[in-house]
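# Results of the structural survey
The primary structure of each chain is shown beneath.
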Amino acid sequence: RYLDVAHGGPGWARNNGARIAAGSLLLFLDDDIRAGDMLLSEHVKMLRRNARSVVMGNVVPYPGTGMLNRLLFELNTKNFRHGEVMEFNAISANLSMRKEHFQASGGFSEELLHCEDTELGFRLVHQLGLTLLFNEKAIGYHDKKVRLEEAARIQFQAGRDMIRALRMSPGM
């Protein structure tokens, strides 16, 4: 279902999508992610096998998007292994969970423009006792050319929001 609404930030958009979703499973993808052939089936398979899990799919650069894009995403997921239990660093560019767990968590923070996924991951794992699993076969292709200046600006903003997230969820 497509919604044409004013931009209220990533947390706001995801929370609204989850609110109107009719199904029992939620899949969050960033707007610059192209779903791989098995993305949806792999998320569903892992969620069905693990009732109290949250699944983070693999995000890889779309061919031709440049070396900086490849480097940034290699840093994010290179060392993750299929089925690995993650501490709490959920990357919402490719993330799924049961709707009931999302609702119980209170959803994404709408105050943060960055790190809202990490903060939600902390609450899902450490407050609700869910397991965050990595699924390397649930591939989403990041289709955006990233310039160095933009990457630096985003990382600076993410650093500021991480400080805010740490204040919002003590113990993170």
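Residues numbered from 1 in each chain as written. Predicted model: local features only at pLDDT ≥ 70, side-chain atom pairs only at ≥ 80, totals over all residues. Heavy atoms only, no water.

## A closer look at the pairing of strand S5 (residues 94–98)
Of all 5 residues in S5, 5 are buried, a share of seventy percent or more. Judged by which residues are buried, S5 turns out to be covered on both faces: Asn94, Ser96 and Arg98 on one side and Leu95 and Met97 on the other are all buried. Two strands pair when backbone bridges link them, and strand S1 (residues 25–29) and S5 are joined in this way by 5 bridges, in the antiparallel orientation. Looking at S5, one finds that Phe28 is bridged to Leu95. (Buried < 20%, exposed > 50% of the residue type's maximum accessible area, 1.4 Å probe, protein only. Helix = DSSP H or I, 4+ residues; strand = E, 2+ residues; numbered from the N terminus. Pairing = 2+ DSSP bridges.)

## Things to note about helix H2 (residues 39–49)
When we look at burial in H2, the residues that qualify are Leu39, Glu42, His43, Met46 and Leu47. The buried residues of H2 occupy one face: seen down the axis, they fall within an arc of 125°. Residues of H2 that are exposed and point over 90 degrees away from its buried face: Leu40, Arg48 and Arg49. Where H2 is buried, its residues touch S1, strand S2 (33–35), strand S3 (53–61), S5 and strand S6 (131–142). (Arc of directions from axis to C-beta. Contact = heavy atoms within 4.5 Å.)

## Points about the pattern of salt bridges
Tallied over the entire structure, the rule returns 6 salt bridges. With its nearest N and O atoms 2.7 Å apart, the salt bridge here joins Arg34 to Asp143. In this pair, Arg34 is assigned in strand S2 and Asp143 in the loop between S6 and helix H6 (148–168), connecting sequence segments 109 residues apart. The class of Arg34 is partly exposed, set by a relative accessible area of 41%. In this structure, the salt-bridge partner of Arg164 is Asp161, at a minimum N-O distance of 3.2 Å. With Arg164 and Asp161 both in helix H6 and 3 residues apart, the pair spans about one turn of that helix. Take Arg164: its relative accessible area is 35%, and that puts it in the partly exposed class. Judged by its relative accessible area of 8%, Asp161 falls in the buried class. Because the salt bridges share partners, they merge into one network encompassing Arg14, Asp30 and Glu116. (Salt bridge = Lys/Arg side-chain N within 4 Å of Asp/Glu carboxyl O.)

## Some thoughts on the nonpolar core
When a protein is soluble and globular, its nonpolar side chains tend to lie buried together. The biggest cluster of nonpolar side chains holds 21 residues, and the ones touching the most others in it are Phe28, Val54, Met56, Leu95, Met97, Phe102 and Leu132. Those elements that provide at least two residues to this core are S1, S3, S5, helix H5 (116–127) and S6. (Core = buried A, V, L, I, M, F, W, Y, C linked by side-chain atoms within 4.5 Å.)

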